[in-house]
Amino acid sequence: MKILSREQFYEADRRTLSAEGIPGEALMERAATRVFDWLHARLEGAPVPVFVFCGVGNNGGDGLVVARHLLDHGYTVDVFVVDYSQARSEDFLTNLKRLKGRKKWPEYLDQGSPLPEIPANGVIIDAIFGIGLNRPPDPWVADLIRHLNSSGAFVLSIDMPSGLYLHRVPEDPSAVVGADVLLTFMAPKLVFFLPQTGVFAERWEVLDIGQDPVYMEEAEAAYNLVGREMVRTFYRPRTKFSHKGTYGHALVLGGSHGKIGAVALAAKAALASGAGLVTACVPECGYVPLQAQLPEVMVLTTPGFSEHTELPDVGAAQVCGIGMGMGTGEPVQKAFLAWLEKMQTPVLLDADALNILSLHPADLHRIPGGSILTPHPGELKRLVGPWKDDFDKLEKALVFAGAHKCILVVKGAHTMVFAQGKGYVNTTGNPGMATAGSGDVLSGMITGLLAQGYEPLQAALLGVYLHGRAGDLGASRTGYEALTATEIISSISQAFLELSGPAGPDQKHTAGG
Ligand SMILES: NC(=O)C1=CN([C@@H]2O[C@H](COP(=O)(O)OP(=O)(O)OC[C@H]3O[C@@H](n4cnc5c(N)ncnc54)[C@H](O)[C@@H]3O)[C@@H](O)[C@H]2O)[C@H](O)CC1
Ligand SMILES: [K+]
């Protein structure tokens, strides 16, 4: 599913109007009627008091349409015009007239107005600002928003939680409506997925408002959702006549005394993700534990007992994932940088491989093009430097991925993949996955997919999706707190099986992504 920019939303609007030869108010009627239908299907005429807060732009116009339909269906409705500007939009005025035609006059709120009483059993329709917000709400509007947020009433926001910008973090988070449900038109917005802004839009649904399909198809989105629908376009189910050689050989390199488990998790995850053969390369201290716990995995050791002092020369065809549990001692740094210098084909660089590169920025140019880097936020900060907010972080990630022609997997909620000037937002995963070894599992999965011949970007997207989905399946059994990396691995099978079957009921977003 595409994530459009402000300009693209307005362009989609224009293209829809011209393709159908309809006026703006007809599209407003269609869009806002979808909002009413959604609400009516759930309220079913319940005698709850509904309070509609309308700005004076088109978002406000949507609110007036919803209010009119509610009245026509016998609901108890109070309409407030949040009169924050003299510039009323044409379609707002059209619908204001229609509402007055129902003998329903809205109450106008401005700077001096008392805040309306809202009972906790009420329903608030938030139509104050949509995607047109372009400066901080006036203080009195911010006060009103805080008042709505503290009412305890159910809040349904139209298109955007009012007070949230499309492309930047809010100056004052308390002046943003906390939507219980957000019904957004045509496509999700990037701010729904960033830690600093996603909190206002946790439960969002996209309403198709009959927007022009030709434009939606051709629009080049800078950001795309990674969901079941997307990954199924390049997931390759197994064919009958294949053998383990068909599915490649993954080499996982890392480990140090006390952190052999990181390599074990990555190796196991590579196997569970379909690699035909997996070899783990660890220092001597890891030989027995690995051979004992993972009979399917071949083990290669290097001369150092506790940590790698040199790393094996690997052939160009060898698919490698390196860094998990590797440590950053002087000998390991030297061994890794010397190893990287010889690498010409894409590799997966994780954890301490990234930390060593952060200590040696002059060696960043040695990263082979098409490599996949999988930093968690702390490792990313060491690579690209500190950022001032979530948007600055995106910018830095995009620039880094472009400069090093790599695929940057930035783990977090939501994990995002950056490559070739684009961003991909994963739709699976949960807070339970912030658990020891979860990152090692992801690296192993992506390495396992690379071994099977997936292009690096596809391996990263499919790996991120399956990793999060396996985490969701695992958490549905264990809950968040008890979810472990081992549990995530044991859920990879179900995550794969779902790709071939029909979308599960809880895969609405991931199915649509
Ligand atoms: N494209 C679609 O899918 C459809 C969108 N609709 C709705 O239209 C809004 C966008 O409407 P717009 O008039 O551009 O802006 P808003 O209503 O979001 O904002 C109001 C208006 O107010 C001005 N403004 C911005 N910030 C402030 C501020 N802090 N204080 C005062 N005034 C401010 C600015 O000029 C804005 O234009 C979209 O979200 C949908 O809800 C259509 O109705 C249906 C199709
Ligand atoms: K709104």
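Calculation rules
Residues numbered from 1 in each chain as written. Chains lettered and ligands numbered in written order. Predicted model: local features only at pLDDT ≥ 70, side-chain atom pairs only at ≥ 80, totals over all residues. Heavy atoms only, no water. Near = heavy atom within 4 Å. Polar contact = N/O pair within 3.5 Å; in protein donor to acceptor, adjacent residues only side chain to side chain. Areas by Shrake-Rupley, 256 points an atom, 1.4 Å probe, with all protein chains shown as cover. 1 Å grid on protein atoms, 1.4 Å probe; cavity = no way out; pocket = protein on both sides within 12 Å on 5 of 7 lines; lining within 4 Å. Sits in = over half its atoms within 2 Å of the grid points. Helix = DSSP H or I, 4+ residues; strand = E, 2+ residues; numbered from the N terminus. Nonpolar A, V, L, I, M, F, W, Y, C, P; charged D, E, K, R; others polar. UniProt positions renumbered as here; feature names shortened; annotations may be inferred. Phe/Tyr/Trp six-rings, centres within 6.5 Å; stacked < 30°, edge-to-face > 60°. Buried < 20%, exposed > 50% of the residue type's maximum accessible area, 1.4 Å probe, protein only. Lys NZ or Arg CZ within 6 Å of the ring centre and 35° of its normal. Axes fitted to C-alpha atoms, helices over the stretch in contact; angles between N-to-C directions. Parallel < 35°, antiparallel > 145°, perpendicular 65-115°, else oblique. Contact = heavy atoms within 4.5 Å. Domains from an automatic or database assignment. Buried area = accessible area lost by both parts, 1.4 Å probe. Salt bridge = Lys/Arg side-chain N within 4 Å of Asp/Glu carboxyl O. Donors = N, O, S within 2.8 Å, 3.2 Å for Na, K, Ca; no water. Pairing = 2+ DSSP bridges.

### Considering the site of ligand 1
Link 1 in the chain: Lining the immediate surroundings of ligand 1 are 23 residues, of which Tyr10, Asn59, Asp62, Gly130 and Asp159 lie closest.
Link 2 in the chain: Residue Asp13 places a side-chain N or O atom 3.2 Å away from a nitrogen atom belonging to ligand 1.
Link 3 in the chain: Interatomic distance of 2.6 Å between a side-chain N/O atom of Asp62 and an oxygen atom of ligand 1.
Link 4 in the chain: If ligand 1 stood free it would expose 840 Å²; the protein chains cover 88% of that surface.
Link 5 in the chain: Judged by the proximity of its atoms to the pocket grid, ligand 1 belongs to the second largest pocket.
Link 6 in the chain: Elements supplying a minimum of two residues to the shell around ligand 1: helix 1 (6–20), helix 2 (24–43) and helix 3 (58–72).
Link 7 in the chain: Taken together, the residues of the shell around ligand 1 sort by class into 13 nonpolar, 6 polar and 4 charged.

### Observations concerning the UniProt feature "domain: YjeF N-terminal" (unreviewed entry) in the protein
Link 1 in the chain: UniProt feature "domain: YjeF N-terminal" (unreviewed entry): in the numbering of this structure it lies at residues 9–217.
Link 2 in the chain: Secondary structure across residues 9–217 comprises 38% helix and 17% strand; the distance between its end C-alpha atoms is 13 Å.

### Considering the packing of aromatic side chains
Link 1 in the chain: Under the defined criterion, the tally for this structure stands at 7 aromatic pairs.
Link 2 in the chain: Ring plane angle 20 degrees and centroid distance 4.4 Å describe the contact between Tyr84 and Phe129, whose orientation is recorded as stacked. In this pair, Tyr84 is assigned in the loop between strand 3 (76–82) and helix 4 (90–101) and Phe129 in the loop between strand 5 (123–127) and helix 5 (139–149), connecting sequence segments 45 residues apart.
Link 3 in the chain: Residue class for Phe129 comes out buried when judged on its relative accessible area of 11%.
Link 4 in the chain: Here Phe193 and Trp204 contribute two aromatic rings whose centre-to-centre distance is 5.5 Å and whose plane-to-plane angle is 85 degrees, an arrangement assigned as edge-to-face. With Phe193 in the loop between strand 7 (181–185) and helix 6 (195–198) and Trp204 in strand 8 (residues 204–207), this residue pair connects regions lying 11 residues apart in the sequence. Like Trp204, Phe193 is buried.
Link 5 in the chain: Connected via pairs of aromatic rings, a cluster forms that spans Phe192, Phe193 and Trp204.
Link 6 in the chain: Between Arg238 and the ring centre of Tyr247, over which it is positioned, the NZ or CZ distance is 3.3 Å.
Link 7 in the chain: The cationic tip of Lys381 hangs over the ring face of Trp387; the distance from NZ or CZ to the ring centre is 4.7 Å.

### Focus: the packing of helix 1 against helix 2
A pair of packed helices can be characterised by two numbers: the angle between their axes and the separation between those axes.
Link 1 in the chain: At their nearest, the axes of helix 1 and helix 2 sit 10 Å apart, and the two run at 110 degrees to each other. Taken together, the axes of helix 1 and helix 2 are roughly perpendicular relative to one another. The segment helix 1 lies against helix 2, with Asp13, Thr16, Leu17 and Glu20 engaging Gly24, Leu27 and Arg30.
Link 2 in the chain: Across the contact of helix 1 with helix 2, the residue classes tally to 2 nonpolar, 2 polar and 3 charged.

### Let's talk about the domain arrangement of the protein
Link 1 in the chain: Each assigned domain of the protein is listed here: domain 1 (2–221) and domain 2 (229–235 + 247–500).
Link 2 in the chain: A separation of 42 Å is found between the C-alpha centroids of domain 1 and domain 2.
Link 3 in the chain: The partner domain 2 presents 9 residues to the 13 residues of domain 1 that form the contact.
Link 4 in the chain: Among the residues of domain 1 in contact with domain 2, Phe193, Leu194 and Gln196 are the three that bury the most area, contributing 46% of the side total.
Link 5 in the chain: On inspection of domain 1 and its partner domain 2, the count reaches 1 salt bridge.
Link 6 in the chain: Note that Glu220 is salt-bridged to Lys422, the shortest N-O span being 2.6 Å.
Link 7 in the chain: The interface formed by domain 1 and domain 2 holds 2 residue pairs in polar contact (both at pLDDT 80 or more) in total.
Link 8 in the chain: Of the residues that constitute the side of domain 1 that touches domain 2, the class distribution is 9 nonpolar, 2 polar and 2 charged.

### Observations concerning the coordination of the potassium ion (ligand 2)
Link 1 in the chain: Protein coordination of the potassium ion (ligand 2) is provided by Asn59 (OD1), Asp126 (O), Phe129 (O), Ile158 (O), Met160 (O) and Ser162 (OG), with donor distances spanning 2.6 to 3.0 Å.
Link 2 in the chain: In the primary sequence, the donor residues of the potassium ion (ligand 2) line up as N-x66-D-x2-F-x28-I-x1-M-x1-S. You can see Asn59 sitting in helix 3 and its partner Met160 sitting in the loop between strand 6 (154–158) and strand 7, a full 101 residues away along the chain. Comparing Asn59 with Met160 shows no difference in burial state: the two are buried.

### Quick notes on the sheet that holds strand 4 (residues 107–109)
Link 1 in the chain: Spatially, 7 strands are ordered 4-3-2-5-6-7-8 in an open sheet, and the strand pairing comes out parallel. Two strands bound the open sheet, and with one partner strand each, they are strand 4 and strand 8. On average, each strand axis in the sheet is tilted by 20 degrees relative to the strand beside it, whichever way the strands run.
Link 2 in the chain: Bridge count between strand 5 and strand 6: 4 bridges; the pairing is parallel. If you follow Asp126 over to strand 6, its bridge partner there is Ser157.

### Some points on the sheet that holds strand 10 (residues 249–253)
Think of a sheet as strands paired side by side through backbone hydrogen bonds, with each pair either parallel or antiparallel.
Link 1 in the chain: Across the sheet, which stays open at both edges, the 11 strands sit in the order 1-9-18-17-16-15-14-13-10-11-12 with mixed pairing between neighbours. Lying at the two open borders of the sheet, with one neighbouring strand each, are strand 1 (2–3) and strand 12 (298–302).
Link 2 in the chain: In terms of strand pairing, strand 10 meets strand 11 (residues 277–283) through 5 bridges, oriented parallel. Across the sheet, residue Leu253 finds its bridge partner in strand 11, namely Cys281.
Link 3 in the chain: Docked against the sheet, helix 9 (residues 260–272) engages strand 10 and strand 11, running at close to 170 degrees with respect to strand 11.
Link 4 in the chain: Sheet contacts for helix 11 (residues 330–342): strand 10, strand 13 (319–322) and strand 14 (348–350); angle to strand 13, the most-contacted strand, approximately 155 degrees.

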